[in-house]
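Each chain, written out:
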Amino acid sequence: MDRYALIFVGPQGSGKGTQAKYFSEYLHAPLIGTGEIFRRHAKRSSLISLTISRYIRKGKLVPNTVIRLILTKKMRLHTHDPVLLFDGVPRTLSQKIILDALLKRNNIVHVRMILVNIPKNISLQRLRNRKREDDTQATIESRLSDYYSKTVPMIHAYKDDNRVIVIDGTPSIAHVTYSIKEQLKIDKEFGLLIK
Ligand code: ADP
């Protein structure tokens, strides 16, 4: 079976999480969203949950050992699904290496990154209006700074293999969804997935 992965990335407030959820339902594909997984974890009291909660409260990246563990565990649950979606991971070059190895091991050969792009001032504006527990002035600054210094270079590594679809994230949610579908439709490998 040919297996596919769609990886949603974008700066904070870009709406990539909303799009990832939509496409998960639309394609009947499981979504592995690290932000949501970690926020759920942080409410528990196991040793790993305490570690995770220390990082997300500060808006810092959770260590790669945890990322590898969570990704391995989640992917093991979905070995029979033709399509897997990822949201929030990879965020760094080292996480790209971890995910690439896992994708390969799971026979996922078709990979596209969907970059939902917005400028920094729109990120700041949208996050001011979002009231999530881990959104404080300090965590927002830390996460945005990590995005530009660590995630953008990781995206460039995917761009080198022509595997990035860039979408303007500034219009309405429905418009962004439409743009993603249109771009996937004309993609030689992924076009088959879109009705
Ligand atoms: P945002 O995109 O607004 O930063 P997320 O929901 O993706 O929000 O992530 C929330 C928090 O979870 C991050 O601040 C970070 O602490 C942690 N996190 C999520 N994904 C990763 C990841 N791939 N690597 C390390 N930490 C992560």
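In the nomenclature of an unreviewed UniProt entry, the chain is known as Adenylate kinase. Taken verbatim from the UniProt record of the chain, the Subunit (unreviewed entry) comment is "Monomer."

Enquirer: Please explain the overall build of the chain as it appears in this structure.
Expert: Across its full length, the chain holds eight helices and five strands. Relative to the compact-globule value of 16 Å for 195 residues, the chain shows a C-alpha radius of gyration of 16 Å, a close match. Projecting the C-alpha coordinates of the chain onto the three principal axes gives extents of approximately 40 × 35 × 30 Å. When each of the 195 residues of the chain is scored for burial, the buried share is 31%.

Enquirer: Quick question: what am I supposed to make of the environment of D160 here?
Expert: Position of D160 among the secondary structure elements: in the loop between α7 (137-159) and β5 (164-168). C-alpha of D160 to C-alpha of I122: the two residues are 38 residues apart in sequence and 27 Å apart in space.

Enquirer: Quick question: what am I supposed to make of the site of the ligand here?
Expert: Around the ligand lies a shell of 17 residues, among which T34, G35, V62, G88 and V89 are the nearest. If you list the elements that add at least two residues to the shell around the ligand, you get α2 (34-41) and α3 (47-58). Tallying contributions element by element places α2 first for the shell around the ligand, with three residues. Of the residues contributing to the shell around the ligand, the split by class is seven nonpolar, six polar and four charged.

Enquirer: Just to check I follow, could you spell out helix α4 (residues 64-77) for this structure?
Expert: Because each turn of an α-helix spans 3.6 residues, side chains separated by three or four positions end up pointing in the same direction. Taking 1.5 Å as the rise per residue, α4 with 14 residues should run 20 Å; its terminal C-alpha atoms sit 20 Å apart, in good agreement. Every buried residue of α4 is accounted for by I67, L71 and M75. Down the axis of α4, the buried side of the element spans an arc of 50°, and every buried residue falls inside it. The exposed residues of α4 that point more than 90 degrees off its buried face are T65, L69, K73, R76 and L77. Contacts made by the buried residues of α4 are with α5 (93-105).

Enquirer: What's the story with the UniProt feature "binding site: ATP" (unreviewed entry) in the chain in this structure? I'm lost.
Expert: UniProt marks G13, S14, G15, K16, G17, T18, R130 and P171 with the feature "binding site: ATP" (unreviewed entry), using the numbering shown here. For G13, the location among the structural elements is in the loop between β1 (3-9) and α1 (16-26). When residues no more than four places from it in sequence are discounted, the contact partners of G13 are I118, I122, S123, R126, L127 and R130. If you trace the backbone, T18 turns up in helix α1. Of the residues examined, T18 has 15 C-beta atoms within 10 Å and is grouped as partly exposed.

Enquirer: Looking at this model, I keep getting lost on the UniProt feature "binding site: AMP" (unreviewed entry) in the chain. Mind explaining?
Expert: This chain's UniProt record puts "binding site: AMP" (unreviewed entry) on T34, R39, K60, L61, V62, Q95, R132 and R143. A stretch of 110 residues holds the annotated residues, and the largest C-alpha distance among them is 24.9 Å, long enough that they do not meet in one place. Tracing the backbone through its elements, the reader meets K60 in the loop between α3 and α4. Those residues within four positions of K60 in sequence are excluded, and the remaining contacts are Y55 and S142. Mapped onto the elements, R132 comes out in the loop between α6 (120-129) and α7. When the 11 C-beta atoms within 10 Å are taken as the criterion, R132 is described as exposed.

Enquirer: Honestly, α1 in this entry has me stumped. Any pointers?
Expert: K16, Q19, A20, F23 and S24 are the residues of α1 that are buried. Buried residues in α1, looked at end-on, bunch into an arc of 140°, giving them a common side. H28 lies just past α1 and shows a positive phi near 50°.

Reading guide: rules and limits
Residues numbered from 1 in each chain as written. Predicted model: local features only at pLDDT ≥ 70, side-chain atom pairs only at ≥ 80, totals over all residues. UniProt positions renumbered as here; feature names shortened; annotations may be inferred. Helix = DSSP H or I, 4+ residues; strand = E, 2+ residues; numbered from the N terminus. Rg over C-alpha atoms; globule rule 2.2 N^0.38 Å. Buried ≥ 20, exposed ≤ 12 C-beta atoms within 10 Å, placed from the backbone. Near = placed C-beta within 6 Å. Nonpolar A, V, L, I, M, F, W, Y, C, P; charged D, E, K, R; others polar. Expected span 1.5 Å × (residues − 1). Arc of directions from axis to C-beta. Contact = placed C-beta atoms within 7 Å.

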